[in-house]
2 protein chains.
Amino acid sequence: MALDTLASIAEKAQCSVSTVSRVLSGKADRYRISEATVARVQEVAKLSNYTPSLLAKGLREGKTDTIGLLIPSVDDTFFSGIASSIIAEARNLGYTTIVVDTQESEENESEGFSTLLARKVDGILTVPCGRETKAFERVANADVPMVVVDRYFEKGARWSFVTTDNYKGAVMAVEHLVANGHRRIACIQGSLGAMTSRERVRGYEDTMRRFGLEEHIHVSGDKFSIQNGYAETNLLLNGPDCPTAIIVLSNKILLGAVKAITESGRHIPDDVSIISFDDNLIFNYMTPRITCIAQPVQEISLMAVKLLLKNIAGEKNVSHLFLPPGLVVRDSVKPV
Amino acid sequence: MALDTLASIAEKAQCSVSTVSRVLSGKADRYRISEATVARVQEVAKLSNYTPSLLAKGLREGKTDTIGLLIPSVDDTFFSGIASSIIAEARNLGYTTIVVDTQESEENESEGFSTLLARKVDGILTVPCGRETKAFERVANADVPMVVVDRYFEKGARWSFVTTDNYKGAVMAVEHLVANGHRRIACIQGSLGAMTSRERVRGYEDTMRRFGLEEHIHVSGDKFSIQNGYAETNLLLNGPDCPTAIIVLSNKILLGAVKAITESGRHIPDDVSIISFDDNLIFNYMTPRITCIAQPVQEISLMAVKLLLKNIAGEKNVSHLFLPPGLVVRDSVKPV
DNA sequence: AAAGAATAAAATACCGATAAAATTAATATA
DNA sequence: TATATTAATTTTATCGGTATTTTATTCTTT
């Protein structure tokens, strides 16, 4: 069964296409369509299975009520949380979201931008997976509004961005551990390239220094991955300066760290205290429950959508928002 | 900067729109465009920031190379795993995916169908959140191919579906527990309405009966939620027939069950063995590691996309696939 | 009653792409 | 040389909507 169109309805209702268009898009009054005609058209429309083509509408109107979301991986709880909130919020505001999962690959990201541009999305939200590549240039050239989420760029003054105040999060983590008497505190970072990681490391280093803990143990991981967390933790545990507490910079690194600690026969928090970034549903169900620095996922998503829609509406000035994280105290940190 | 179109390029290259169209869509040979013209057009196109409008293309060609994915919640690891695989596979095959998160609400689901239909997706993959509502009728009327994933309908012969062999999964779970000497085995189910849940319960009951375990303890939960798992487990633990083993029918129910058991001062698996449905990254990092019936998420996703593309290509007959689950033995089941 | 205003609806143009039909120019064949 | 072929490209129609312009009536108003 072929779908109805304005034309097929117009034929059945014995009137012109434009009349049908006006009636069905609620502009009958403005164009003073007679009550009789309105009734007739609506009657016919109800019986038909008419679904307006947003392709045609979008082509004609130059907007699609659609936004694109480029995200590194919907399979990571942190990102799926962001995706979920963004999709919901966009829907609330009348926008459909096209999700592109870049799988942390710049190539996929670049392709993703092309797809979104070609689909004429009204705006783009992106969690960049790496550097500010040429693909970003294309978005700028296409004059499509964009807001960067979570990760951002050094010189990223071109677009608004919304992120956690990662520096402050790290400060809070160190302060919490110091307040619990820890002095030998290590830090396992994620992607070296990611600004989020760099800011956290900076917060960690500054705060260690502030407390006169110059002997801070800074282990360089290279990825926000379980494997990385596992490997780096093993190095720490077997090294000369085994710490009493570890700050891990993501929920994935945490899982690897926990595995390494458990396998070494040590116990959290009795032998090693641990504090993670990113809250996670399951942190409540691990033994012990994991203390962490929670990112304001919901707020980030809401603000990102809000800023994007402002840009779509024509607003030109960019905002750089750092939203405050929260310390969630559970059972993985113990006083020494 | 306004985007280039075929027209703007045609002007610069001093030729007609159709010539440009042919060159840029790689049909120069077929329409024997001269080498000189091809070169000229490509030169101009390279310098411009042309992105073809998929709206126009879609409108004209009657296809959009886009599929829709309706899913209950990208924030649930099981579903986000499915979403992730589907998005990746669709992309491999040249399709873009529009994800609609229904948040387990039939209203959102219905709206989602409308959006997808209006956007003229070539096909739809859906994990239904409830009953076969009128919204499904609309999809059928619109003659848009659809494949149902994971959950399916009783009389669902209309569409192909791909799901885990949930019955078999439950059988495997009971057999594993019986092999470990358990006889007092309880089962906490999820949504009563979901076919997946019903099949698992059926598998559980049949197998209990087969082993002569008539005294099976069947607890009715009503949702695939942590809260449900927690509440029902508490009832079980405090009831007269406290089981030695529990089968929980989803990863969320598991988290609630673990919390309840731990809070009651009992230990897994010493006091109670537990086996879950759905494998989950974190099952490896809980204490103890959780034994489970793993669904073939990747295979389900691949087959679903494959079937959908076949339907899009014109294939009419429907397939009903039940893919085999796997038993993942970890540490949460102990012989009695 | 005739000119002007208001009402109701239809006709047309357009968005940007593709496909089919038409046109022109160059070349081959009878 | 007249005619048929082939090559190279342009013109036109179309997809399904919305916005603008035009047309045909009916109602005022002096």
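Predicted model only: the values in this text are computed from it and were never measured. (Residues numbered from 1 in each chain as written. Chains lettered and ligands numbered in written order. Predicted model: local features only at pLDDT ≥ 70, side-chain atom pairs only at ≥ 80, totals over all residues.)

Asker: I'd like a rundown of the overall build of chain A, residues and numbers included.
Answerer: Secondary structure summary: chain A contains 12 helices and 12 strands in total. Relative to the globule expectation of 20 Å for 336 residues, the C-alpha radius of gyration of chain A, 26 Å, shows a markedly less compact shape. Considering only C-alpha atoms, chain A reaches an extent of 85 × 40 × 30 Å along its principal axes. Counting only residues that meet the buried cut, chain A has 50% of its 336 residues in that class. Counted over contacts in chain A with a minimum sequence separation of 6, partners at least 24 positions apart contribute 70%. (Helix = DSSP H or I, 4+ residues; strand = E, 2+ residues; numbered from the N terminus. Rg over C-alpha atoms; globule rule 2.2 N^0.38 Å. Buried ≥ 20, exposed ≤ 12 C-beta atoms within 10 Å, placed from the backbone. Contact = placed C-beta atoms within 7 Å.)

Asker: Pulling in residues and values, what's your account of the protein's contact with DNA strand D?
Answerer: As a structural note, the neighbourhood of DNA strand D is formed by 25 residues, with Leu6, Ser21 and Ala56 of chain A together with Ser16 and Ser34 of chain B the closest of them. Elements represented by at least two residues in the surface near DNA strand D include exactly α2 (17-24) and α4 (54-61) of chain A together with α2 (17-24) and α4 (54-61) of chain B. A total of 5 residues in the surface near DNA strand D trace back to one element, the largest contributor, which is α4 of chain A. Its residues placed into classes, the surface near DNA strand D shows 10 nonpolar, 10 polar and 5 charged. (Near = placed C-beta within 6 Å. Nonpolar A, V, L, I, M, F, W, Y, C, P; charged D, E, K, R; others polar.)

Asker: Tell me about the protein's contact with DNA strand C, residues and numbers included.
Answerer: Around DNA strand C sit 24 residues, and of these Ser16 and Ser18 of chain A together with Thr5, Ser21 and Ala56 of chain B come closest. Secondary-structure elements contributing two or more residues to the surface near DNA strand C are α2, α3 (35-47) and α4 of chain A together with α2 and α4 of chain B. Take the surface near DNA strand C: its biggest share by element is 5 residues, from α4 of chain B. Among the residues forming the surface near DNA strand C, the class breakdown is 9 nonpolar, 10 polar and 5 charged.

Asker: Would you mind going over the relation of the copies chain A and chain B in detail, with residue names and values included?
Answerer: For the match of chain A to chain B, the screw axis carries a shift of 0.1 Å, the RMSD comes to 0.1 Å, and the turn is 180 degrees. Those values place the two copies in the arrangement expected of a two-fold rotation axis. (Least-squares fit on C-alpha atoms with pLDDT ≥ 70 in both.)

Asker: I'd like a description of α2 of chain B, backed by residues and values.
Answerer: All names here are of chain B. Among the residues making up α2, those that are buried are Thr19, Val20, Arg22 and Val23. Projected down its long axis, α2 carries its buried residues within an arc of 165 degrees, all on one side. In the stretch just after α2, glycine 26 is the one whose phi turns positive, near 70 degrees. (Arc of directions from axis to C-beta.)

Asker: Describe the sheet that holds strand β8 (residues 245-248) of chain B, and please don't skip the residues or the numbers.
Answerer: Strand pairs in the sheet, formed through backbone hydrogen bonds, run parallel or antiparallel to each other. Residues and elements named next belong to chain B. Read across the sheet, 6 strands follow the order β7-β6-β8-β9-β10-β12 without closing on themselves; strand pairing throughout is mixed. Edge positions in the sheet fall to β7 (217-219) and β12 (326-328), since each of these pairs with one other strand and no more. Averaged over all pairs of adjacent strands, the angle between strand axes in this sheet comes to 20 degrees, irrespective of strand direction. Bridge count for strand β6 (residues 185-188) against β7 is 3 bridges, and the pairing is parallel. (Pairing = 2+ DSSP bridges. Axes fitted to C-alpha atoms, helices over the stretch in contact; angles between N-to-C directions.)

Asker: Quick one: what's the story with the interface of chain A and chain B, residue by residue and with numbers?
Answerer: Residue-level contacts link 43 residues of chain A with 43 residues of chain B. For the side of chain A that touches chain B, the elements supplying multiple residues, two or more each, are α4, α5 (77-92), β2 (96-101), α6 (106-118), α7 (134-142) and α11 (251-263) of chain A. In terms of residues, the side of chain A that touches chain B owes the most to one element, α5 of chain A, which gives 6 residues. Across the side of chain A that touches chain B, the residue classes tally to 21 nonpolar, 15 polar and 7 charged.

Asker: Got a sec to walk through the domain arrangement of chain A? Specific residues and values, please.
Answerer: Often the size quoted for an interface is simply the accessible area lost on bringing the parts together. Domain boundaries in chain A define domain 1 (6-52), domain 2 (64-165 + 297-326) and domain 3 (166-295). If you average the C-alpha positions of domain 1 of chain A and of domain 3 of chain A, the two centres end up 63 Å apart. (Domains from an automatic or database assignment.)

Asker: If you had to explain the packing of helix α6 (residues 106-118) of chain B against helix α7 (residues 134-142) of chain B to someone new, which residues and values would you point to?
Answerer: All names here are of chain B. One can describe the packing of α6 onto α7 by two numbers: an axis separation of 9 Å at closest approach and a directional angle of 15 degrees. By the criterion of interaxial angle, the relationship of α6 to α7 is roughly parallel. Here α6 and α7 pass one another in a crossing that is left-handed. From α6, Glu109, Ser110, Phe113 and Leu117 reach across to α7, where they touch Ala135, Arg138, Val139 and Ala142. A breakdown of the residues in the contact of α6 with α7 according to their chemical character gives 5 nonpolar, 1 polar and 2 charged. (Parallel < 35°, antiparallel > 145°, perpendicular 65-115°, else oblique. Left-handed = near helix turned anticlockwise from the far one by under 90°.)

Asker: Any chance you could break down the nonpolar core for me, citing the residues and the numbers?
Answerer: The biggest cluster of nonpolar side chains holds 88 residues, and the ones touching the most others in it are Val147 and Ala304 of chain A together with Val147 and Ala304 of chain B. With near-sequence residues (within four places) excluded, alanine 304 of chain B lies in contact with Ile86, Leu125, Val147, Val149 and Val162 of chain B. (Core = buried A, V, L, I, M, F, W, Y, C linked by C-beta atoms within 7 Å.)

Asker: Now, about unusual backbone geometry: what can you tell me, with residues and values included?
Answerer: Residues and elements named next belong to chain A. Here the amide bond leading from isoleucine 268 into proline 269 is cis, since omega sits at 0 degrees, within 30 degrees of zero. Relative to the helices and strands, proline 269 resides in the loop between α11 and β9 (273-277). In this structure, glutamine 103 is a non-glycine residue whose phi angle is positive, near 50 degrees. With respect to the helices, strands and loops of the structure, glutamine 103 is situated in the loop between β2 and α6. Of the residues examined, glutamine 103 has 18 C-beta atoms within 10 Å and is grouped as partly exposed.

Asker: Can you tell me about the sheet that holds strand β5 (residues 160-164) of chain B, naming the residues and giving the values?
Answerer: Residues and elements named next belong to chain B. Spatially, the 6 strands line up as an open sheet ordered β2-β1-β3-β4-β5-β11, and their pairing is parallel. Among the strands making up the open sheet, the edge pair consists of β2 (96-101) and β11 (320-323). Strand-to-strand twist in this sheet, taken as the mean axis angle between neighbours without regard to direction, amounts to 15 degrees. Sheet topology places strand β3 (residues 123-126) next to strand β4 (residues 146-149); 3 bridges connect them, and they run parallel.

Asker: Could you give me a rundown of the environment of valine 219 of chain B, with the residues and numbers involved?
Answerer: Residues and elements named next belong to chain B. Position of valine 219 relative to the elements: it lies in strand β7. Overall, valine 219 belongs to the partly exposed group, with 18 C-beta atoms counted inside 10 Å. Linking valine 219 and threonine 233, residues 14 residues apart in sequence, is a C-alpha distance of 8.8 Å.

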